[in-house]
Amino acid sequence: AEQARAQAAAAVRGARAAADASSHEASAALLAAEAEVDSLRARVKAAEAEAAAATAEATTARREAATGAAQVQVARVEAEAAHKSAREAAARMHTESDLARRAEAEAV
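Residues numbered from 1 in each chain as written. Predicted model: local features only at pLDDT ≥ 70, side-chain atom pairs only at ≥ 80, totals over all residues. Heavy atoms only, no water.

Turning our attention to the overall build of the protein. In terms of regular secondary structure, the protein is built from one helix and zero strands. The C-alpha atoms of the protein give a radius of gyration of 46 Å, which is well past the 13 Å a tight globule of 108 residues would have. Taken along its principal axes, the extent of the C-alpha atoms in the protein is 160 × 10 × 10 Å. Burial analysis of the protein (108 residues in total) assigns 0% to the buried set. Of the roughly 9100 Å² that the protein leaves accessible, carbon and sulfur atoms contribute 60%. Computed over 14 positive and 17 negative side-chain charges, the inter-centroid distance for the protein is 4 Å. (Helix = DSSP H or I, 4+ residues; strand = E, 2+ residues; numbered from the N terminus. Rg over C-alpha atoms; globule rule 2.2 N^0.38 Å. Buried < 20%, exposed > 50% of the residue type's maximum accessible area, 1.4 Å probe, protein only. Areas by Shrake-Rupley, 256 points an atom, 1.4 Å probe, with all protein chains shown as cover. Lys, Arg positive; Asp, Glu negative; His and termini not counted. Charge placed at Lys NZ, Arg CZ, Asp CG, Glu CD.)

Rendered as structure tokens:
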């Protein structure tokens, strides 16, 4: 009986030791899983920040392109107005030249 009790006590101690080891392994696995989740969350936040920065850059580029297009349009209108003014000035000069020739011819 004594031997049976000693064997039972040894079996209980062995079971407790196995349970403790299992518990420690489970805790370690849980800690590792939590660390992996934290790492993944950090990567997701970094990717979101990169995406936000890229979106902001794209928005800025679109605004700059729109501003550039507007400036080109303004320059085109100004160039057309200058060309029209030059044509009108040339026409006036031609008319004045004709009038001057006629005045000279009549004066002769």
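Attention now goes to the pattern of salt bridges. Under the counting rule described, the total for this entry stands at three salt bridges. As a salt-bridge pair, E2 and R5 come within 2.8 Å of each other at their nearest N and O atoms. Linking E2 with R5, this pair stays in helix α1 (residues 2-107), spanning three residues, or about one helical turn. The same class applies to E2 as to R5, namely exposed. In this structure, D98 engages R101 in a salt bridge whose closest nitrogen and oxygen atoms are separated by 3.1 Å. On the criterion of helical spacing, the pair formed by D98 and R101 is a turn pair, its members being three residues apart in helix α1. (Salt bridge = Lys/Arg side-chain N within 4 Å of Asp/Glu carboxyl O.)

Another point: the environment of A49. By the secondary structure assignment, A49 is in helix α1. Between the alpha carbons of A49 and A70 there is a distance of 31 Å; along the sequence they are 21 residues apart.

Before going further, it helps to examine the environment of A86. As for its placement among the helices and strands, A86 is situated in helix α1. Judged by relative accessible area, A86 falls into the partly exposed class, the value being 46%. Along the backbone, A86 and A69 are 17 residues apart, and their C-alpha atoms lie at a distance of 25 Å.

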